[in-house]
Amino acid sequence: MMEDIKSEEVWEQAQIKAVTQAKKYEKVNSPKGEKIHLLSGVLRCPVCGAGMYGNKSIKHRKDGTKYSDYFYYGCKHRNMTRGHKCDYRKQVSEVKLDGAVVEVLRKLVSNKKFAGMMREKIDMEVDTIALDQEISAHEKTLRQCYLNKDAILSDLDNLDYEDKHYKRRKTDLENRLSKTYDKIEETENALVEAKAKKRSILAEKVCGDNIYKALIFFDKMYEPMSEAERREFLTQFIEKVEIYKEEQENGQWLKSIEFKLPIISKDMKISLDNGSQIETVVLLSKG
């Protein structure tokens with residue numbers, strides 16, 4: 001147990017160091033210092049379901065002076081709903097929505113039960129027994145095919161040219177050799193596919209473990225990040241964010257968060273400070 005704790009501490013320090021020392025993300029062909037919108041594309045329109053994107057509203061007073069820039073998320077109205085373009089035109093405050101999403105994550109990681117669940121998932125073994133058995137069977141078949149091939153080649157080399165059945169024997173052996181080569185190719189392809197599946201499962205496990213660890217240390221890792229790094233970080237484990245059609249009486253827009261990995265127990269309840277329940281943050285988590 002002590003070794004596991006030390007291992008996590010080393011991982012945490014390495015990740016924080018990587019974040020603080022990494023070159024800041026910059027969008028190619030975009031003006032330096034351009035505003036990064038944390039939830040662009042991840043946030044979904046409550047009417048058509050399309051991704052909503054960050055934008056900036058510039059307004060001027062009557063005297064010509066400019067108000068402070070207002071950043072918001074809006075639907076591009078491109079998705080067709082019942083034959084018509086989406087007509088949802090609300091401008092959802094980025095400050096409010098981004099803050100609500102981060103607040104939910106902070107509440108999650110501060111929950112002792114949540115941290116325990118994350119550690120259980122990290123410690124969980126990946127079941128590759130069926131694939132291991134399949135790989136072993138293919139390897140056994142392949143070894144037998146190579147032995148058969150060598151035996152047939154040896155028989156071909158030892159054919160007696162003076163044997164009256166030489167041509168028939170030769171043709172028979174060549175046909176058997178051709179079928180053996182087909183079997184070798186088929187088995188090699190199956191073996192490559194099975195090994196690729198196993199590598200993919202193990203890679204997903206490593207990726208998942210890193211995300212679980214990142215969530216455990218969310219607060220420590222999130223604070224030193226730039227806006228671009230925060231967006232990169234959040235989109236690693238958030239599949240989509242849903243909002244209400246209208247701002248609620250308590251000022252809340254956030255309705256639910258769907259995660260890319262199963263990270264929440266169904267009996268965990270998450271509410272924002274203003275008392276609003278994140279309705280489906282539990283139910284939408286992929287299991």
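Details of the structure are given in the entry above.
The rules behind these values
Residues numbered from 1 in each chain as written. Predicted model: local features only at pLDDT ≥ 70, side-chain atom pairs only at ≥ 80, totals over all residues. Heavy atoms only, no water. Patch = residues over 30% accessible without salt bridge, like charges linked within 9 Å, V, L, I, M, F, W, Y side chains within 5 Å. Areas by Shrake-Rupley, 256 points an atom, 1.4 Å probe, with all protein chains shown as cover. Salt bridge = Lys/Arg side-chain N within 4 Å of Asp/Glu carboxyl O. Lys, Arg positive; Asp, Glu negative; His and termini not counted. Charge placed at Lys NZ, Arg CZ, Asp CG, Glu CD. Helix = DSSP H or I, 4+ residues; strand = E, 2+ residues; numbered from the N terminus. Buried < 20%, exposed > 50% of the residue type's maximum accessible area, 1.4 Å probe, protein only. Axes fitted to C-alpha atoms, helices over the stretch in contact; angles between N-to-C directions. Parallel < 35°, antiparallel > 145°, perpendicular 65-115°, else oblique. Left-handed = near helix turned anticlockwise from the far one by under 90°. Nonpolar A, V, L, I, M, F, W, Y, C, P; charged D, E, K, R; others polar. Core = buried A, V, L, I, M, F, W, Y, C linked by side-chain atoms within 4.5 Å. Contact = heavy atoms within 4.5 Å.

## Structural notes on a negative patch on the surface
- Residues D182, E185, E186 and E188 make up a contiguous surface patch of negative charge.
- Inspection of the secondary structure assignment puts E185 in helix α5 (residues 166-216).
- Judged by relative accessible area, E185 falls into the partly exposed class, the value being 48%.

## Some details on the packing of helix α4 (residues 129-157) against α5
- Two elements in contact, α4 and α5, have axes separated by 9 Å at closest approach and are oriented at 160°. On the basis of their axis angle, the class for α4 and α5 is roughly antiparallel. When the axes of α4 and α5 are compared, the crossing they make is left-handed.
- Residue composition of the contact of α4 with α5, grouped by class: 16 nonpolar, 5 polar and 13 charged.

## Details of the nonpolar core
- Among the nonpolar cores identified, the biggest contains 46 residues, and M52, L97, L105, F218, F237, I238 and V241 are the most heavily contacted of them.
- Those elements that provide at least two residues to this core are β3 (70-75), α2 (94-109), α3 (112-123), α5, α6 (218-222), α7 (227-234), β7 (238-243) and β8 (254-259).
- The leading source of residues in this core is α2, at 8 residues.
- With residues near it in sequence (within four places) discarded, I238 still touches V42, V101, L105, I257, E258, F259 and K260.

By themselves, these are just geometric observations and shouldn't be taken as functional.
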